[in-house]
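Below, each chain spelled out in residue letters.
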Amino acid sequence: MEITRLSPDDEVGCADAVAVMSAAAKVDCPEVLLPTPRGFANGLRYGWDLNPGQAFLARDEDGAAVGLLEASIPTYDNTNLLWAFGTVHPDRRGRGIGPALIAHAERLTAELGRNSIGLSTFDLPAADAFARRHGFERKAMEVNRRQDVAGLDWSVVQRLYDDAVAASSAYELIQITGTLPDELLEGMVAVTASINDAPKDDLDVEDDEYTPERLRAYEEAQQKSERTLYRVIAREKATGELAGHTTITVERERPHIGEQNDTAVARAHRGHRLGALVKSAMLLWMRDQEPQLAQLDTWNAESNNHMIAINEALNYRIITRIPDYQKSL
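Residues numbered from 1 in each chain as written. Predicted model: local features only at pLDDT ≥ 70, side-chain atom pairs only at ≥ 80, totals over all residues. Heavy atoms only, no water.

1. Observations regarding the overall build of the protein chain
Here is the rule we go by: Here a strand is any run of E in DSSP of at least two residues, a helix any run of H or I of at least four, and the numbering for each starts at the N terminus. This radius of gyration counts C-alpha atoms alone. The globule rule is 2.2 Å times how many residues there are, raised to the power 0.38. Each residue is placed in one exposure class: buried if its accessible area under a 1.4 Å probe, protein chains only, is under 20% of its type's maximum, exposed if it is over 50%, and partly exposed if it falls in between.
In terms of helices and strands, the protein chain carries nine helices and twelve strands. In terms of overall size, the protein chain behaves like a compact globule, its C-alpha atoms giving a radius of gyration of 20 Å where 329 residues would be expected to give roughly 20 Å. Seen through its principal axes, the protein chain has C-alpha atoms that stretch 65 × 40 × 35 Å. Looking at the protein chain residue by residue over its 329 residues, the buried ones come to 51%.

Written as structure tokens, this is what we have:
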């Protein structure tokens, strides 16, 4: 078996990577959202915010793709950490491919001068046993939920919005497509950083660090990855201070698919139902702006009870649970 780094310009390799992911998902989690080969390549080019990770494809002696390692390598913060997700083709499991991918991830972590490695898997007994066997400890649990936008009861969304408006009369909403106006950029740095108040459970990680440059990099990466970025921002009327926001992206290759990128409310402005306000307002906007949008995926820590309550009120359903493991090298 040979493990080689994938280039985003390797169309065959990116297609093979997605094929391995698709074969594994049929067994492990049939409903999980997977990228297309083009989307996978864009992820290797641009990442979330122009900080792309690396991917490595394992091929057998006949050249068939049998495994995939995806490595996220933070550069804005947590620069001691590498985060890995490994996938083995279901027809080739039990032949040492998984251990080889983990060993490769650990070597890469050490070569980069980092001393902590994280691992995400699907919530399956075999995956948990694999992680623990290789010295990882479970530190947190994420939950992937999906909203069936096409089947939404819009009266429920409207009622949630109306109730939130009544509780937040001191605030107004701003809708933005694409890049932020320069005059809102500094305020959005502080609001975006509010995501650090979300639960981290037992993960040994630093807070995310945000700057105007990083927010611009996020916008550029989404645009270059062929996604339309939408923001709904709550602003306090009396002070003009930005108080909370939600963002989603809609794929242009598959415009029926959207992803909830972020929802956060600044600590000083909590207690006014701003989370429910911006999320319900976003849905009502998307009903008109992106009428073909059929599904919207979101990810939260399982312990984030407040945001989960809003999602459940908006009829999100669980797709999968994703344990996060970590170990020191």
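Further notes follow.
2. Some details on the packing of aromatic side chains
Aromatic rings in a pair are described by how distant their centres are and how their planes are angled relative to each other. Cut-off, in case you're wondering: Classification of ring pairs rests on two measures: the distance between centres of Phe, Tyr or Trp rings, Trp counted by its six-membered ring, which must be within 6.5 Å, and the angle between planes, read as stacked under 30 degrees, edge-to-face over 60 and tilted in between. Working rule: Lys NZ or Arg CZ, within 6 Å of ring centre, within 35 degrees of ring normal, means a charge sits over the ring.
Tallying each qualifying case throughout the model produces three aromatic pairs. Judged by centre distance (5.8 Å) and plane angle (80°), the rings of Phe85 and Phe122 are edge-to-face. One end of the pair, Phe85, is in strand 4 (residues 81-88); the other, Phe122, is in the loop between strand 5 (116-120) and helix 4 (125-133), with 37 residues separating them in the sequence. Using a relative accessible area of 23% as the deciding quantity, one classes Phe85 as partly exposed. Seen from the ring of Tyr210, Arg214 lies directly overhead, with NZ or CZ sitting 4.9 Å from the centre. Positioned over the ring face of Phe136 is Lys327, at 5.0 Å from the centre of the ring.

3. Here we look at the nonpolar core
The nonpolar side chains of soluble globular proteins are, as a tendency, buried together. The following threshold applies: For this analysis, a nonpolar core means a set of buried residues of the types Ala, Val, Leu, Ile, Met, Phe, Trp, Tyr and Cys, connected via side-chain atoms within 4.5 Å. Note on definitions: a residue-residue contact is assigned when non-hydrogen atoms from the two residues lie within 4.5 Å.
If you look at the biggest cluster of nonpolar residues, it comprises 29 residues, and the most contacted ones within it are Tyr230, Ile248, Leu274, Met282, Met286 and Leu314. Of all elements in the fold, only helix 5 (154-167), strand 8 (227-236), strand 9 (242-251), helix 8 (274-289) and helix 9 (305-313) reach the threshold of two or more residues within this core. Element by element, the count of residues in this core is highest for helix 8, at ten residues. Setting aside its immediate chain neighbours within four residues, Leu314 contacts Gln147, Leu152, Val157, Leu160, Lys279 and Leu283. Membership of the second largest hydrophobic core comes to 20 residues, among which are Ile97, Leu119, Phe130 and Phe136.

4. Re the packing of helix 6 (residues 182-193) against helix 7 (residues 212-224)
Where we set the bar: Each axis is a line fitted through C-alpha atoms, taken for helices only over the stretch in contact, and angles between the N-to-C directions span 0 to 180 degrees. Should an angle fall under 35 degrees it is taken as roughly parallel, and over 145 as roughly antiparallel, whereas 65 to 115 is taken as roughly perpendicular and any remaining angle as oblique. When residue character is reported, Ala, Val, Leu, Ile, Met, Phe, Trp, Tyr, Cys and Pro are called nonpolar, Asp, Glu, Lys and Arg charged, and the others, Gly included, polar.
Taken N-terminus to C-terminus, the directions of helix 6 and helix 7 make an angle of 100°; their axes are 9 Å apart at the nearest point. The angle between helix 6 and helix 7 places the two elements in the roughly perpendicular class. In this structure, helix 6 contributes Asp182, Leu185, Glu186, Met188, Val189 and Thr192 to the contact, and helix 7 contributes Pro212, Leu215 and Arg216. Each residue belonging to the contact of helix 6 with helix 7 can be placed in one class, and the counts come to five nonpolar, one polar and three charged.

5. Some thoughts on the pattern of salt bridges
The criterion, for reference: Here a salt bridge means any side-chain nitrogen of Lys or Arg lying within 4 Å of a carboxyl oxygen belonging to Asp or Glu.
A full pass over the atoms with the stated rule returns 28 salt bridges. Linking Lys224 and Glu220 is a salt bridge whose minimum nitrogen-to-oxygen distance equals 2.6 Å. Here the residue Lys224 and the residue Glu220 both occupy positions in helix 7, the gap between them amounting to four residues, near one helical turn. Relative accessible area serves as the criterion here: at 33%, Glu220 is assigned to the partly exposed category. Salt-bridge contacts for Glu259 lead to Arg227; the nearest nitrogen and oxygen are separated by 3.2 Å. Highlighted residues: Glu259 in strand 10 (residues 257-265) and Arg227 in strand 8, separated in sequence by 32 residues.

6. What to know about the side chain of Glu251
Keep this limit in mind: Distance and chemistry together define a polar contact, namely a pair of N or O atoms within 3.5 Å, with one atom able to donate a hydrogen and the other to accept it when in protein, and with adjacent residues in sequence counting only for side-chain atoms on both sides.
Within the fold, Glu251 resides in strand 9. For Glu251, the side chain forms a polar contact with the side chain of Arg254, separated by 2.9 Å.

7. Things to note about the pairing of strand 9
For a regular strand, side-chain orientation follows a simple rule: the groups alternate between the two sheet faces. As a reminder of what qualifies: Only when DSSP finds a minimum of two bridges between them are two strands counted as paired.
Burial of strand 9 is extensive: ten of the ten residues sit out of reach of the surface. Here strand 8 runs beside strand 9; their pairing, made up of nine bridges, is antiparallel. Looking at the pairing, Thr228 lines up with Val250 of strand 9. For strand 9 and strand 10, the ladder comprises seven bridges, and the chain directions are antiparallel. Bridged to Val250 within strand 10 is Gly258. In sequence, strand 9 turns back onto strand 10 through a hairpin of five residues.

8. Description of the environment of Lys279
In this structure, Lys279 sits in helix 8. Counting along the chain gives 19 residues from Lys279 to Gln260, while the straight-line C-alpha distance between them is 9.6 Å. Once residues lying within four places of it in the same chain are set aside, the contact partners of Lys279 are Thr246, Gln260, Thr263, Met307, Ile310, Asn311, Leu314 and Tyr316.

9. With respect to unusual backbone geometry
Residues other than glycine seldom take positive phi values, yet Asn78 does so here, at roughly 50°. Looking at the element boundaries, Asn78 is found in the loop between strand 3 (65-72) and strand 4. Positive phi values are uncommon outside glycine, yet Glu226 reaches one of about 65°. Mapped onto the elements of the fold, Glu226 is located in the loop between helix 7 and strand 8. On the basis of relative accessible area, Glu226 is assigned to the partly exposed category, the value being 31%.

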